[in-house]
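Listed here are the chains, written in short residue letters.
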Amino acid sequence: MRIATFNILHGRSPADDRVDVERLAAAVKTLDADVLGLQEVDRDQPRSMGADLTAVAAEAMGAVDSQFVAALAGTPGGTWMAATGDEQPGSASYGIALLSRYPVVSWRVVRLPALRTRVPVWFRGTPRPKMVGDEPRVAVAAVLEGPSGQFTVANTHLSFIPGWNALQLSKLVRSLTGTPEPLVLMGDLNTERGQAVRVSGMQPLATARTFPLETPTRQLDHVLARGPITATGPAEAVRLPLSDHRALVVPVRVGSDQA
């Protein structure tokens, strides 16, 4: 089984600053993932030609089940508000998606604590902190019917603000208590491997630098696990012709299933 996580930058390529849904579809096919978590996903946004990027990816990978969950309703950088799940069909939204070649038994959405004020954050290469705000964050989890029985996969995109992303990760892990194991938690956690493992209490299945795209120096994207699941080979940070992140892919074995 191949598990992958990819922050798609709403399908945009830094090389030409365009969103091309055919390019996104080709990238997803390249990953050949059985379970795929996507972050920074558009639906009905003008900047991505009104496309449903989850549907594009689902068709490309041959997913039998998929779910888009909006974090924002409206246009990022313009007029938007926190999504509630009750948005009207056809309204512009932005969030995350989970896609699977295995049938989904049940879905669950977890809305994570929102930072309601601006805070100072130090960015690399800047002489002083910058006052920044954050956007709403969300996670989606699914119980899948895999070849060796049920297991749970969750996907999220956490805050870039240090400390706050740790709080969100801790809350998310607690909210998943009692879900069928093995449990896989993946996504753009906006934190390095050591903190992701320490805060989550989970084991890393994939170690590879994923950001920035050209010459990655950090691993912000992770695949963490709890229960009887192991990596059967090294993870790969795949450079694709879109996004400012590399996709993270790892082959795994669940229970007695052969990868």
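Details of the structure are given in the entry above.
Note that this is a predicted model, so its numbers are computed, not measured.

The rules behind the values
Residues numbered from 1 in each chain as written. Predicted model: local features only at pLDDT ≥ 70, side-chain atom pairs only at ≥ 80, totals over all residues. Heavy atoms only, no water. Axes fitted to C-alpha atoms, helices over the stretch in contact; angles between N-to-C directions. Helix = DSSP H or I, 4+ residues; strand = E, 2+ residues; numbered from the N terminus. Parallel < 35°, antiparallel > 145°, perpendicular 65-115°, else oblique. Left-handed = near helix turned anticlockwise from the far one by under 90°. Contact = heavy atoms within 4.5 Å. Pairing = 2+ DSSP bridges. Polar contact = N/O pair within 3.5 Å; in protein donor to acceptor, adjacent residues only side chain to side chain. Buried < 20%, exposed > 50% of the residue type's maximum accessible area, 1.4 Å probe, protein only.

A short note on the packing of helix 3 (residues 164-175) against helix 4 (residues 193-200)
Each packed pair of helices is defined by two parameters, the angle between the axes and the distance between the axes. Between helix 3 and helix 4, whose axes approach to 9 Å, the crossing angle comes to 40°. In terms of their interaxial angle, helix 3 and helix 4 are classed as oblique. Note on packing geometry: the crossing formed by helix 3 with helix 4 is right-handed. Residues Asn165, Ala166, Leu169, Ser170 and Val173 of helix 3 pack against Gln195, Ala196, Val199 and Ser200 of helix 4.

What to know about the sheet that holds strand 15 (residues 221-226)
An order of 8-11-12-13-15-14 is seen for the six strands of this open sheet, with the pairing classed as mixed. Each edge of the sheet is formed by a strand with only one pairing partner; in this case those strands are strand 8 (104-111) and strand 14 (203-204). Relative to strand 15, strand 13 (residues 183-188) runs antiparallel, the two being bridged by six bridges. Counted as the bridge partner of Leu183 is Arg226 from strand 15. Of the strands in this sheet, strand 8, strand 11 (138-146), strand 12 (149-157), strand 13 and strand 15 are in contact with helix 3, which crosses strand 8 at around 145°. Across the face of the sheet, helix 4 comes into contact with strand 14 and strand 15 while running at roughly 30° to strand 15.

So, the environment of Ser159
Mapped onto the fold, Ser159 is located in the loop between strand 12 and helix 3. In sequence terms Ser159 and Val254 are 95 residues apart; their C-alpha atoms lie 30 Å from each other. Leaving out residues up to four positions away in the same chain, Ser159 has contacts with Asp134, Arg137, Trp164, Asn165, Gln168, Leu189 and Asn190. A distance of 2.8 Å separates polar atoms of two side chains, one belonging to Ser159 and the other to Asp134. Here Ile161 takes part through its backbone nitrogen, which lies 2.9 Å from a polar atom of the side chain of Ser159.

Let's talk about the pairing of strand 15
In terms of burial, strand 15 is largely enclosed, as five of its six residues are buried. Relative to strand 15, strand 14 runs antiparallel, the two being bridged by two bridges. Along strand 15, the bridge assignment pairs Pro204 with Leu224.

Note that every value here comes from positions in space, so none of it alone points to a role or purpose.
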